[in-house]
Amino acid sequence: MIVPWQQINTDTLHQLLEEFASRDGTDYGAYETSLADKVSQLEIQLKQKRILVVYSELHESINIVPAEQFTK
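Below or above, wherever it landed, is the structure these notes cover. (Residues numbered from 1 in each chain as written. Predicted model: local features only at pLDDT ≥ 70, side-chain atom pairs only at ≥ 80, totals over all residues. Heavy atoms only, no water.)

**Quick word on the pairing of strand E2 (residues 51-56)**
Okay, step 1: Sheet topology note: the strand E1 (residues 2-3)/E2 ladder contains 2 bridges and is antiparallel. Bridged to Val3 within E2 is Val53.
Okay, step 2: The pairing of E2 with strand E3 (residues 61-66) spans 6 bridges and is antiparallel. In the strand pairing of E3, Ile51 is matched with Pro66. (Pairing = 2+ DSSP bridges. Helix = DSSP H or I, 4+ residues; strand = E, 2+ residues; numbered from the N terminus.)

Below you can see the structure in the form of structure tokens.
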């Protein structure tokens, strides 16, 4: 289920984006990028509808995924 990011508490959304940005294997290219910059990039992608916040009822978890996974 897609969760509208605008309906998520601001602090909760920020924590979710920080957690996602700091996961092992998250690669932002050849240059080191601060966590704050990574979160800002994710916020832009949310506003551009390039990524989505989704909730899995099966796994009772929330995640961030590329929007293209839901448009195919």
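Moving on from the model shown.
**With respect to the sheet that holds E1**
Okay, step 1: The strand order across the open sheet formed by 3 strands is E1-E2-E3, and the pairing between neighbours is antiparallel. One side of each edge strand has no neighbouring strand; the edge strands of this open sheet are E1 and E3.
Okay, step 2: Contacts between helix H1 (residues 10-21) and the sheet are confined to E2 and E3, with E3 contributing the most and set at about 65 degrees to the helix. (Contact = heavy atoms within 4.5 Å. Axes fitted to C-alpha atoms, helices over the stretch in contact; angles between N-to-C directions.)

**Focus on H1**
Okay, step 1: Across its 12 residues, H1 extends 16 Å between first and last C-alpha, which sits within 8% of the 16 Å expected from 1.5 Å per residue.
Okay, step 2: Looking only at H1, the buried set comprises Leu13, Leu16, Leu17, Phe20 and Ala21. The arc enclosing the buried residues of H1, seen along the axis, measures out at 130 degrees, which places them on a common side. H1 presents Asp11 and Gln15 as exposed residues on the side facing more than 90 degrees away from its buried surface.
Okay, step 3: The N-cap of H1, judged by a side-chain oxygen 2.8 Å from the amide nitrogen of Asp11 a few residues on, is Asn9. (Expected span 1.5 Å × (residues − 1). Buried < 20%, exposed > 50% of the residue type's maximum accessible area, 1.4 Å probe, protein only. Arc of directions from axis to C-beta. Polar contact = N/O pair within 3.5 Å; in protein donor to acceptor, adjacent residues only side chain to side chain.)

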